[in-house]
Amino acid sequence: MNHKLQWSSFMRSNHVSRITTNNNIDISGQAISDVNIYCINDEYGDYKVSFKLGDDCAEICQYLVSVNNQPDFTIQLSEQAQQCDESQLKSLFDQFMKLIKPRLKEAQKEQEIQSIEFIGNTFILNNHTTFRVLTDDGEGRLTIEILGSKNDEQQPLNLSSHGLLDSLYLGSIKVAQE
């Protein structure tokens, strides 16, 4: 597979509209690459993932300038990359894609969690306790109701919005499927 097909497939399968790289230098004077990845998501909106590559694949900016998947597929290589043979480029791009794919997955999970509405939503704690968020006091305290509780005289319970968010990231709390 040539590098254009390689990129086209990667962009489509990972819902990426554009990737750009820029040459930079870290505080110790080492060359690094600034990477910006623009992702597409119809459910919770488009977003951008940015990071620096220092050790592994730091030289990517010396070869790849940008890849665009919208409106048409285009790839912009540096002059140095145009002097390389196809197998060298494919190997470098394989390494780069392998390195950034987990970062894309983490960013997608973060976007998904950040888009969850707390108020009115039902959650499950540790696959056992189901609760609904009733109110948010605006200062990070959520009032919750435990569902299926045998105590009809239950006092209002509080949960911090940070605690709920952290637990969603950790997976100990999940959104209940209604």
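Here is a short report on the structure shown in this document. Values in this document were obtained by computation on a predicted structure and should not be read as measured data.

Before going further, it helps to examine the overall build of the protein. Secondary structure summary: the protein contains four helices and 10 strands in total. In sequence order, the protein lays out its α and β elements as α-β-β-β-β-β-α-α-β-β-β-β-α-β. Its C-alpha atoms put the protein at 75 × 35 × 25 Å along the principal axes. In the protein, which comprises 178 residues, the share counted as buried stands at 35%. Of the contacts made within the protein by residues no fewer than 6 positions apart, 48% connect residues no fewer than 24 positions apart. For the protein, the exposed area adds up to about 11100 Å²; of that, 45% sits on carbon and sulfur atoms.

That bond from Q70 to P71 is cis: its omega, 0°, falls within 30 degrees of zero. Checked against the element boundaries, P71 lands in the loop between β4 (64-68) and β5 (74-77). At H15, a residue that is not glycine, the phi angle is positive and equals roughly 55°. Given a relative accessible area of 47%, H15 falls into the partly exposed group. Located in the positive-phi region is N127, a residue other than glycine, with phi close to 55°. Given the relative accessible area of 63%, N127 is considered exposed.

So, about the sheet that holds strand β1 (residues 16-25). Strand order in the open sheet made by the five strands is β3-β2-β1-β4-β5, with antiparallel pairing throughout. Two strands lie at the open edges of the sheet, namely β3 (47-53) and β5, each paired on one side alone. Taken pair by pair, the neighbouring strands of this sheet meet at an average axis angle of 15°, ignoring direction. In this structure, β1 lies alongside strand β2 (residues 31-39), joined through nine bridges in antiparallel fashion. Bridging across to β2, N23 finds its partner in S33.

Below, the discussion takes up the pattern of salt bridges. Across all of its chains, the model carries four salt bridges by this definition. Salt-bridge contacts for D94 lead to K90; the nearest nitrogen and oxygen are separated by 2.9 Å. Here D94 and its partner K90 are both found in helix α3 (residues 86-114), four residues apart, which amounts to about one turn of the helix. Look at K90 and you get partly exposed, because its relative accessible area is 27%. In this structure, the salt-bridge partner of E145 is R132, at a minimum N-O distance of 3.7 Å.

Further remarks concern the sheet that holds strand β8 (residues 141-146). Strand order in the open sheet made by the five strands is β9-β8-β7-β6-β10, with antiparallel pairing throughout. Single-partner strands in this sheet number two, and they are β9 (157-160) and β10 (173-175). Pairwise comparison of adjacent strand axes, ignoring direction, gives a mean angle of 40° for this sheet. The pairing of β8 with β9 spans four bridges and is antiparallel.

Reading guide: rules and limits
- Residues numbered from 1 in each chain as written.
- Predicted model: local features only at pLDDT ≥ 70, side-chain atom pairs only at ≥ 80, totals over all residues.
- Heavy atoms only, no water.
- Helix = DSSP H or I, 4+ residues; strand = E, 2+ residues; numbered from the N terminus.
- Buried < 20%, exposed > 50% of the residue type's maximum accessible area, 1.4 Å probe, protein only.
- Contact = heavy atoms within 4.5 Å.
- Areas by Shrake-Rupley, 256 points an atom, 1.4 Å probe, with all protein chains shown as cover.
- Pairing = 2+ DSSP bridges.
- Axes fitted to C-alpha atoms, helices over the stretch in contact; angles between N-to-C directions.
- Salt bridge = Lys/Arg side-chain N within 4 Å of Asp/Glu carboxyl O.

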